[in-house]
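As a plain string of letters, each chain reads:
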Amino acid sequence: MLRQKPRISLTPRSKGSTRLNTRTRLVIAVSVAATYLLGVFIWGWFLDPSSYAVHFESQFIPPSWGHIFGTDFMGRDMFFRSLKGLSNSMLIGLLASLISSAIALAFGTASALFGGKVDKLVLLAVDCCMGLPHLVLVILISVALGGGATGVMLGVALTHWPELTRIVRAEVLQLREAWYVKASYKMGKSRLYVAAKHIVPHVIPVYIVGLVLLFPHAIMHEAAVTFLGFGLPAETPAIGVILSEAMRHIATGKWWLALFPGLLLIVAVLLFDTIGENLKRLLNPASAHE
Amino acid sequence: MKRALCLFLLAVFALALLLGCGGDSENAATDSSANSVIAYVGSNIFDSSLDPIKGSMPYGYSFVTNALLRVTPEGSYVGDLAYSWTVSDDALTYTFDLLPDIMFSDGSNFTAHDVVFTYQTVIEHQAENEEVDLSRLAYVTALSDQVVEFVLSEPYSPFLDVTAMQGIVSADAYDSEAFDRYPIGTGPWVIAQYDPNQQIIVHRNHHYFGDAPHLDQVTLVAMDDTTALAAARSGQLDVVKVNPAYSFEDVAGMTMVPLQTMDVRLLSLPVLPLQEKEGMTVGNDVTADPAVRKALSIGIDRQTIIDNALNGIGHPAAGFSAKLPWADYIPVDDNRKDEAKEILAAAGWIENDDGIREKDGLLCSFDVYASEDRFALVAALAEDAAHLGIKIVPHSSNWGEIAEKMHTASIIWGWGQQSPTVLYSLFSGEAALTPGGWDNAPTYINPAVDAKINAALDARSQEEANKNWIAAQELAGKDFPYLYLVNIEHTYFVRDGLDISPATQVPHPHGHGVPVISNMKDWKRN
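Residues numbered from 1 in each chain as written. Chains lettered and ligands numbered in written order. Predicted model: local features only at pLDDT ≥ 70, side-chain atom pairs only at ≥ 80, totals over all residues.

### Some words on the overall build of chain A
Move 1: If you tally the helices and strands in chain A, you get 10 helices and zero strands.
Move 2: Over its C-alpha trace chain A gives a radius of gyration of 24 Å, far above what one expects of a compact globule, namely 19 Å for 290 residues.
Move 3: Taken along the three principal axes of its C-alpha coordinates, chain A extends 80 × 75 × 30 Å.
Move 4: Counting every position in chain A, which comprises 290 residues, the buried fraction comes to 40%.
Move 5: The long-range share in chain A, meaning contacts at least 24 apart out of those at least 6 apart in sequence, stands at 69%. (Helix = DSSP H or I, 4+ residues; strand = E, 2+ residues; numbered from the N terminus. Rg over C-alpha atoms; globule rule 2.2 N^0.38 Å. Buried ≥ 20, exposed ≤ 12 C-beta atoms within 10 Å, placed from the backbone. Contact = placed C-beta atoms within 7 Å.)

Structure follows, in structure tokens:
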């Protein structure tokens, strides 16, 4: 007699799916996105300025094989200019995120660990910072620091720490009650020692995810502030500058000036987001079902 | 299925709505056949008061008010409210004979007392008016209803320019608050409706003493440049101020008209080496070398720069416009690259491997700061100067930053006005090293030039004044403290069938937009 095969499989697999498991797929997604972004960043970093220099004889060329993103009103190649711009934005985003997350880590840990007045002070600072719209605060700080790359970078850096601070603080509050932390205290270790040896290493996964997710925010805010004219000066290749210049030529039908740089920015931001979300699932699998 | 039907109906409805909108704008276009005009002349006119006592229309267009004199398209002065004037031998007393039987737009009579009232009110409220300087006016008095006399405390030849710029308002009707929007004057137009930041509607003034305007009504609308271009395309506007960058856009039913200006774009080149002077940091080691300044002036190709940055609109300039009686007009003879290179080489500037000149380890490179709208001009200049081995680094900047850098870097300026006092601002050593303000950015101090400027200010006649102004420019020109680039033109789209009378347009002063209304009474539909 033929016995029917059991229809129930222990490994759920949808129709037509590949043999890769979720973890591998996440790793691949993260790697692809990271490679693309890193490629853009490094290419832009080492780009020869003459590739996006002024060439008045080739103004307003629509996208073609010679200039795949077209050229602008000063005949600059929009592909290389956008690339350099995105690279610049990423650099500013990177620096801003690093500063921002360092502040968040320090504040978050200190707040939870010391409690009392320190905690109140940090929470007050967080509330103050979150009470104002981000963009307004970024503009204020940027202008107060004299604008330019430093202004925007610090503007973004000093406004993006509150969310991460809260997350880090919540995490540390949990850890503080853990047995091994209490044990460490009982053995006479100082708070600083406990923080460095027991708490921070456990916060790192959350911190890294937070850092990566800060990135798209930082880049978008840099672009927005520059777009509004409070950020990078107009001679710097930056996505914000490119888009605000493009606005002036939209009415005359120069669509390529806005479309391609805009797409480039959106793709970069979405990819950062993908990396962040996937990293979250990889580093913190328990939260994957949230 | 129901859902699909709903979506379809919605789409049809939306389409109908869109088509409906399109139809409206078509109507607006045909509506312009009436004897009225809708114009976009920039939004600056909405930013400040319309009251001449507070400095409205400081360049003397006869719009709502008239001044005692007016400027002709050729750049000389003729009577407007006054028909003749005399200046005493000591150049302290100016007497104006006023035209009789002139009425304000409210029907009241214009007399010498209105002139006295206007000038006295300006003096009393000088803080509210930065456009006109009456500090040397001792007093003004009406000798009769038709004669007004100004007495100065010291000779000041540009006072005549003041009388051609300052609009006269009605003394009886004057109300400081109301006049911000509804001034009453003797001009060809009267404000019929003022909607802040939306529109100003003017009607023909039936009491105007000159030839009546051809048009019945003009509406000046507030927009931004790109919206205005779109509105022009859809046929809603008759006159549109347009940036030279868009001036060759195709707009159906409209023609681009370039109008001459007295506005020049020039770079200040600091003449002193970098140093501390009277508590200020001034100078630039590269531009301090006269060879660099001279080589730039004769070596660059202004026409190519204009073609590249301004769509070819504007005229190469090596000085102020020949239309100004006090200008030392110099015909442009540039693009002498070989000669310029020889001057640089003789001064010790030798090209390095990158094609940039060097002298004792100092790179022949300097920064130029430009407001955003002038950045392209500097970028085009930088491209051309590179052929000489001079590296110009253009920066798009704001006026705050420019104020910080103006004495140590090169700045691109725009100067254009009827009054020669601009020469004092540009060249006077007395104006150098005064913190605040925009005067004498290159810190150019030359006692011989100062003597000529002072002689011009103290001159007993316009001829004598102009002779000294020209001499001052000639002297200063030898040192090249400024690099003149272009005498710009103001561009407008004008609807076919509307004549804005380019022949009676005065050369426009600084500020693209409003000056086009200077001869609005001569506009007519064909």
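### So, the overall build of chain B
Move 1: Along the backbone of chain B there are 12 helices and 24 strands.
Move 2: Here chain B has a C-alpha radius of gyration of 26 Å; the compact-globule value for 526 residues is 24 Å, and the two agree.
Move 3: Based on the C-alpha atoms only, the size of chain B along its principal axes is roughly 85 × 75 × 40 Å.
Move 4: When the 526 residues of chain B are sorted by exposure, 47% land in the buried category.
Move 5: Considering only intrachain contacts with a sequence separation of at least 6, the fraction spanning at least 24 residues in chain B is 69%.

### Thoughts on the sheet that holds strand β5 (residues 93–98) of chain B
Each strand in a sheet pairs with another by means of backbone hydrogen bonds, the pair being arranged parallel or else antiparallel.
Residue and element names in this part refer to chain B.
Move 1: With antiparallel pairing, the four strands of this open sheet are ordered in space as β4-β5-β7-β6. Each having just a single partner strand, β4 (82–87) and β6 (137–144) make up the two edges of the open sheet. The sheet shows a mean angle of 20° between the axes of neighbouring strands, taken without regard to direction.
Move 2: Strands β5, β6 and β7 (147–152) of the sheet are contacted by helix α2 (residues 112–124), whose axis makes an angle of about 165° with β6. (Pairing = 2+ DSSP bridges. Axes fitted to C-alpha atoms, helices over the stretch in contact; angles between N-to-C directions.)

### Comments concerning the nonpolar core
Move 1: Val 240, Leu 377 and Leu 485 of chain B are the most contacted members of the largest nonpolar core, which totals 149 residues.
Move 2: The greatest single-element share of this core, amounting to nine residues, is contributed by strand β22 (residues 482–495) of chain B.
Move 3: Residues within four places of Leu 485 of chain B in sequence aside, it is in contact with Arg 265, Leu 266, Leu 267, Arg 302, Ile 305, Ala 317, Leu 377 and Leu 381 of chain B.
Move 4: Residues Leu 26, Val 168, Tyr 207 and Ala 246 of chain A belong to the second largest nonpolar core, which totals 70 residues. (Core = buried A, V, L, I, M, F, W, Y, C linked by C-beta atoms within 7 Å.)

### A short note on the interface of chain B and chain A
Reports often express the size of an interface as the amount of accessible area lost when the parts come together.
Move 1: At the junction of the two partners, chain B supplies 17 residues and chain A supplies 10 residues.
Move 2: Every element with two or more residues in the side of chain B that touches chain A is listed here: α4 (225–233), α8 (375–385) and β20 (391–397) of chain B.
Move 3: Per-element tally for the side of chain B that touches chain A: the top contributor is α8 of chain B, with five residues.
Move 4: Of the residues that constitute the side of chain B that touches chain A, the class distribution is nine nonpolar, five polar and three charged. (Nonpolar A, V, L, I, M, F, W, Y, C, P; charged D, E, K, R; others polar.)

### As for the environment of Val 486 of chain B
All names here are of chain B.
Move 1: Along the chain, the position of Val 486 falls in strand β22.
Move 2: By C-beta crowding, Val 486 is classed as buried, having 24 other C-beta atoms within 10 Å.
Move 3: With 442 residues separating them along the chain, Val 486 and Asn 44 place their C-alpha atoms 23 Å apart.
Move 4: With residues near it in sequence (within four places) discarded, Val 486 still touches Val 264, Arg 265, Arg 302, Ile 306, Leu 310, Gly 314, His 315, Pro 316 and Ala 317.

### Structural notes on the packing of helix α6 (residues 302–309) of chain B against α8 of chain B
All names here are of chain B.
Move 1: Where α6 contacts α8, the axes come no closer than 9 Å and their chain directions differ by 135°. In terms of orientation, α6 and α8 fall into the oblique class. Here the hand of the crossing between α6 and α8 comes out right-handed. Contact with α6, carried on its side by Thr 304, Ile 305, Asn 308 and Ala 309, involves Ala 376, Leu 377, Ala 379, Ala 380, Leu 381 and Asp 384 of α8 and no other residues of that element.
Move 2: Looking at the contact of α6 with α8 residue by residue, the classes come out as seven nonpolar, two polar and one charged. (Parallel < 35°, antiparallel > 145°, perpendicular 65-115°, else oblique. Left-handed = near helix turned anticlockwise from the far one by under 90°.)

### Some details on helix α12 (residues 462–477) of chain B
All names here are of chain B.
Move 1: With 16 residues, α12 ought to run about 22 Å at 1.5 Å a step, and its terminal C-alpha atoms sit 22 Å apart, in line with that.
Move 2: Taken residue by residue, α12 has Ala 465, Asn 468, Trp 469, Ile 470, Ala 472, Gln 473 and Ala 476 as its buried positions.
Move 3: Those residues of α12 that are buried are in contact with α10 (421–427) and α11 (447–457). (Expected span 1.5 Å × (residues − 1).)

### Looking at the environment of Gly 283 of chain B
Residues and elements named next belong to chain B.
Move 1: Position of Gly 283 relative to the elements: it lies in the loop between β14 (280–282) and α5 (290–299).
Move 2: Among the residues examined, Gly 283 registers 19 C-beta atoms within 10 Å and is labelled partly exposed.
Move 3: Counting along the chain gives 12 residues from Gly 283 to Val 271, while the straight-line C-alpha distance between them is 6.3 Å.

### A few points about unusual backbone geometry
Residue and element names in this part refer to chain B.
Move 1: The backbone of Asn 335 sits at a positive phi, close to 60°, despite the residue not being glycine.
Move 2: Among the secondary structure elements, Asn 335 is positioned in the loop between β15 (315–316) and α7 (337–346).
Move 3: Residue Asn 335 is classed as partly exposed on the basis of its C-beta count, with 17 C-beta atoms lying within 10 Å.

### Quick notes on the sheet that holds strand β16 (residues 350–351) of chain B
Residues and elements named next belong to chain B.
Move 1: The three strands are arranged β16-β17-β18 in an open sheet whose pairing can be described as antiparallel. The open sheet terminates on both sides in strands that have one partner only, identified here as β16 and β18 (362–363).
Move 2: Summarising the sheet, β16 and strand β17 (residues 357–359) pair through two bridges and their orientation is antiparallel. The residue of β17 that forms the bridge with Glu 351 is Arg 357.

### Looking at the pairing of β5 of chain B
Residues and elements named next belong to chain B.
Move 1: Burial along β5 is one-sided: the residues Tyr 94, Phe 96 and Leu 98 are buried and none of Thr 93, Thr 95 and Asp 97 is.
Move 2: Pairing between β4 and β5: five bridges, direction antiparallel. Within the sheet, the bridge partner assigned to Trp 85 lies in β5 and is Phe 96.
Move 3: Relative to β7, β5 is paired through five bridges, and the arrangement is antiparallel. When the sheet's bridge partners are listed, Asp 97 is paired in β7 with Val 147.

### Examining the pairing of β6 of chain B
All names here are of chain B.
Move 1: The pairing of β6 with β7 spans six bridges and is classified as antiparallel. Considered in β7, the bridge of Val 140 is made with Phe 150.
Move 2: From the end of β6 to the start of β7, which pair antiparallel, there are two residues.

### A look at the packing of helix α2 (residues 78–114) of chain A against helix α10 (residues 256–283) of chain A
Residues and elements named next belong to chain A.
Move 1: Between α2 and α10, the shortest axis-to-axis distance is 10 Å and the interhelical angle comes to 35°. Relative to α10, the crossing made by α2 is right-handed. Of the residues in α10, those in contact with Met 78, Ser 82, Gly 85 and Leu 86 of α2 are Trp 256, Leu 257, Phe 260, Pro 261, Leu 264, Leu 265 and Ala 268.
Move 2: Taken together, the residues of the contact of α2 with α10 break down into nine nonpolar, two polar and no charged.

### Here's the deal with the environment of Gln 120 of chain B
Residues and elements named next belong to chain B.
Move 1: In this fold, Gln 120 is placed in helix α2.
Move 2: Taking the C-beta count within 10 Å as the criterion, Gln 120 has 17 such neighbours and is therefore assigned partly exposed.
Move 3: In this structure the C-alpha to C-alpha distance between Gln 120 and Ala 39, which are 81 residues apart in sequence, comes to 34 Å.

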